[in-house]
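# Summary of the model geometry
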Amino acid sequence: MSDDDAIRVLVVDDQDLVRSGFKAILGTYDGIEIVGEARNGAEAVAEAQRLRPDVVLMDIRMPEINGIEACRDITSNPLLAKTRVLVLTTFDIDEYVYDALGAGASGFLLKDADPDEIAAAIRVVADGDALIQPKVMRRLVETFVAARPRAGWGSAEAADGRRAALASLTDREREILLLVARGLSNDEIGTELFISPATVKTHLARIMAKTDAHDRAQLVVFAYETGLVSPAR
């Protein structure tokens, strides 16, 4: 892979040693290039706009602007439409994880993940997919959706928008969205519905467009928010 083809990564963390560690470790992997770093959310947004990275490796708890707000600013910027945010957390069940997904993050990663896992996660996110293994994603989203009242899903206008988006889906698209929320991969969905993975991918692209979902992670969130899927009890 040439330097031009390398995944360009921006590392964001308020601890100097953590940033240095990520830069030193990830810089040894073929196909991954560290193009910059930032110490807080405000710097992260500015550097993302300047560098246009493929992936932002984003800490959550930082001064000035936290990782959630920075993630929202980055993913809502049309000029950064190709930039994906991979959020770092110290907890596997963290109240901020759901907020990060809602803000447009493509997934989350534990800070104590080993280097191979981090590199693999960056590649997955850069490829436009959700970081979290589908079944893990399902359990995670169920945890947060079960804990939040319906009134917590935002304004009435936002709720109306989600209902309208759900109503716009065809029967086949709803069927596929249900299977995504169950944790099935594209290959597994294709097997279940007797269609090719390429056809599944086409349907997913249409579903994302109709629901304004940034990626597969937000599709799962959408399915739970709208009540299409109910949390397991």
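Within the protein chain one finds eleven helices and five strands. The burial tally for the protein chain puts 48% of its 233 residues in the buried class. On the protein chain, roughly 11500 Å² of surface is accessible, and the fraction owed to carbon and sulfur atoms is 50%.

Here we take up the packing of helix α10 (residues 197-211) against helix α11 (residues 216-225). For any two helices packed against each other, one specifies the crossing angle of their axes together with the interaxial distance. Across the interface, α10 lies against α11 with an axial gap of 11 Å and an inter-helix angle of 60°. Here α10 lies oblique to α11, going by the angle between them. α10 and α11 meet at a crossing whose hand is left-handed. Counting all contacts with α10, which are made through L204, I207, M208 and T211, the residues of α11 involved are R216, L219 and F222.

With that settled, the discussion passes to α11. Of all the ten residues making up α11, ten are buried; the element is thus mostly covered by neighbouring parts of the structure. Along α11, the residues that are buried comprise R216, A217, Q218, L219, V220, V221, F222, A223, Y224 and E225. Following α11 by one or two positions, G227 has its phi on the positive side, about 85°.

Let's shift gears to a negative patch on the surface. A surface patch of negative charge is lined by D112, D114, D116 and E117. Secondary-structure assignment places E117 in helix α5 (residues 115-126). Since its relative accessible area comes to 43%, E117 is described here as partly exposed.

Once that is clear, we can look at the side chain of T75. Residue placement: T75 occurs in helix α3 (residues 67-75). Only 2.7 Å separates the side chain of T75 from the backbone oxygen of A103, close enough to count as a polar contact. In this structure T75 touches V85, A103, G104 and H214, once residues within four positions along its chain are discounted.

The subject of this paragraph is the sheet that holds strand β3 (residues 55-59). Spatial strand order, β2-β1-β3-β4-β5: five strands in an open sheet with parallel pairing. The open sheet is flanked by β2 (32-38) and β5 (107-110), the only strands paired with a single partner. Taking the axes of each pair of neighbouring strands and ignoring which way they run, one obtains an average angle of 25° across the sheet. Sheet analysis places strand β1 (residues 7-12) next to β2, joined by six bridges and oriented parallel. Paired with I7 across the two strands is I32, which belongs to β2. Taken strand by strand, helix α1 (residues 16-26) contacts β1, β2, β3 and β4 (84-89), and its axis lies near 165° from that of β2. Contacts between α3 and the sheet are confined to β3 and β4, with β3 contributing the most and set at about 160° to the helix.

Scanning all chains against the criterion turns up ten salt bridges. The partner of R50 in a salt bridge is E47, and the shortest N-O contact between them spans 2.8 Å. In this pair, R50 and E47 are both assigned in helix α2 (residues 41-51), three residues apart and thus about one turn of the helix distant. Since its relative accessible area comes to 55%, R50 is described here as exposed. Looking at E47, the relative accessible area reads 18%, which means it is buried. D160 is the partner of R163 in a salt bridge, and the nearest nitrogen-oxygen pair spans 2.3 Å.

What follows covers helix α7 (residues 156-167). Given a rise of 1.5 Å per residue, twelve residues ought to cover 16 Å, and the 16 Å separating the end C-alpha atoms of α7 matches this to within 8%. Burial in α7 covers these residues: A159, R162, A165 and L166. All buried residues of α7 lie within an arc of 120° about the axis, which places them on one face of the element. Along α7, exposed side chains directed more than 90 degrees from the buried face belong to A156, E157 and A167. Residues of α7 that are buried in the fold lie against α8 (171-181), α10 and α11.

Rules used in this analysis
Residues numbered from 1 in each chain as written. Predicted model: local features only at pLDDT ≥ 70, side-chain atom pairs only at ≥ 80, totals over all residues. Heavy atoms only, no water. Helix = DSSP H or I, 4+ residues; strand = E, 2+ residues; numbered from the N terminus. Buried < 20%, exposed > 50% of the residue type's maximum accessible area, 1.4 Å probe, protein only. Areas by Shrake-Rupley, 256 points an atom, 1.4 Å probe, with all protein chains shown as cover. Axes fitted to C-alpha atoms, helices over the stretch in contact; angles between N-to-C directions. Parallel < 35°, antiparallel > 145°, perpendicular 65-115°, else oblique. Left-handed = near helix turned anticlockwise from the far one by under 90°. Contact = heavy atoms within 4.5 Å. Patch = residues over 30% accessible without salt bridge, like charges linked within 9 Å, V, L, I, M, F, W, Y side chains within 5 Å. Salt bridge = Lys/Arg side-chain N within 4 Å of Asp/Glu carboxyl O. Lys, Arg positive; Asp, Glu negative; His and termini not counted. Charge placed at Lys NZ, Arg CZ, Asp CG, Glu CD. Polar contact = N/O pair within 3.5 Å; in protein donor to acceptor, adjacent residues only side chain to side chain. Pairing = 2+ DSSP bridges. Expected span 1.5 Å × (residues − 1). Arc of directions from axis to C-beta.

Note that every value here comes from positions in space, so none of it alone points to a role or purpose.
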